[in-house]
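Read off the chains here:
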Amino acid sequence: MSEEKPWPDSIRAGDCEQHEPLVRRVLAPNPSPYTFTGTQTWIVGAGSDVAVIDPGPTGSGMSIGDPADINGIGHVDAILRATRGQRVTAILCTHTHRDHSPAAAPLKAATGAPIIGCAPLAIRDDGPRADSAFDPDYAPDRVLTDGERISGGGWTIEAVATPGHTSNHLCFALLESGALFTGDHVMAWSTSVVSPPDGDMAAYMASLSKLYERGDRIYYPAHGPAVTKPRQLVRGMLGHRKQRERQIVRELEKGTRVIPAMVAHMYKGLDPRLTGAAGRSVLAHLFDLRARGVVRERDDEWELA
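To start, this report covers the structure provided alongside it. Predicted model, so just to flag it, every value in this text is computed and none were measured.

## Some details on the side chain of Asp216
Next up, step 1: Tracing the backbone through its elements, the reader meets Asp216 in the loop between helix 3 (201-212) and strand 12 (218-221).
Next up, step 2: With relative accessibility at 12%, the residue Asp216 sits in the buried group.

## Observations concerning the pairing of strand 9 (residues 155-161)
Next up, step 1: Of all the 7 residues making up strand 9, 6 are buried; the element is thus mostly covered by neighbouring parts of the structure.
Next up, step 2: When strand 8 (residues 149-152) meets strand 9, the two strands line up antiparallel, connected through 4 bridges. Counterpart to Arg149 in the pairing with strand 9 is Glu158.
Next up, step 3: Hairpin connection, strand 8 to strand 9: the antiparallel pair is bridged by 2 residues, and Gly154 has positive phi, about 85°.
Next up, step 4: Here strand 9 pairs with strand 10 (residues 170-174) via 5 bridges, running antiparallel. Within strand 10, the residue paired with Ala161 across the bridge is Leu170.

## Let's talk about the environment of Ser60
Next up, step 1: Counting through the fold element by element, Ser60 comes out in the loop between strand 4 (49-53) and helix 1 (75-82).
Next up, step 2: Sequence separation between Ser60 and Gly85 is 25 residues, and the spatial gap between their C-alpha atoms is 28 Å.
Next up, step 3: For Ser60, the contacting residues outside a window of four places in its chain are Asp66, Ile70, Asn71 and Ile73.

## As for the side chain of His75
Next up, step 1: Relative to the helices and strands, His75 is located in helix 1.
Next up, step 2: For His75, the side chain forms a polar contact with the main-chain oxygen of Pro55, separated by 3.2 Å.
Next up, step 3: Apart from the residues lying within four places of it in its own chain, the contact partners of His75 are Val26, Leu27, Ala28, Pro29, Thr41, Pro55 and Gly56.

Definitions and limits used
- Residues numbered from 1 in each chain as written.
- Predicted model: local features only at pLDDT ≥ 70, side-chain atom pairs only at ≥ 80, totals over all residues.
- Heavy atoms only, no water.
- Helix = DSSP H or I, 4+ residues; strand = E, 2+ residues; numbered from the N terminus.
- Buried < 20%, exposed > 50% of the residue type's maximum accessible area, 1.4 Å probe, protein only.
- Pairing = 2+ DSSP bridges.
- Contact = heavy atoms within 4.5 Å.
- Polar contact = N/O pair within 3.5 Å; in protein donor to acceptor, adjacent residues only side chain to side chain.

Structure follows, in structure tokens:
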């Protein structure tokens, strides 16, 4: 939820762009305040067989209850065009938000490729949602755990468990090139929304620290530009989250007791459409602080313990 970074005007939904010998990208037609220019589907492989990472959304984005960030009109066809003459042997999903995994099913129907990657997730939450809803129909043929690998002609992908944004979030490392596909866990254009009850700030911070200790050369996120200085960005993200935590403690010291007031004080100039997302991340910080004995909740108000 940071200020948007510049992004080339030439990038269009449905285009296939080569980023390095083993990596191509197809942009889905679902730009929104939560998805930036849209979900980026990554194609790995240069030979006869390829893997597809985060196949994207399938909604129309044209009716109530079907918002722009899950518009997937024509996206599966764009992936099929980009892989024409090659065989899709794996469809991998980093997590099951509806702008990431729903296209896995029609892509599997079109190619016969198995759906591999994160575990399915069914969450019951009567509170406000700050991010795309979860995909209830996601049905993987194989779930990868941390460190498990799949391979094809000239490529090897290793799962890197990174819970936090969601409990089932995975990143995928391309061992031949040092690239890491980071889904929604790390993005250069914005901070990741951490929305309880499934989003967990302590897990998110631990996953950031895990990535900081790795030696990945470049990050390819699901939204926004590639990250060419990964450790520098992750270090900044860890610092940013710790700063937010300190802001919350200062708000409580001043007598601010409710999340909407904290958001108003802490997020100056925030796009009003992102107010709910900011509140969910503040709640995630408060849950983490409560687990550590720093704060407590009484009748929907918060105070220092």
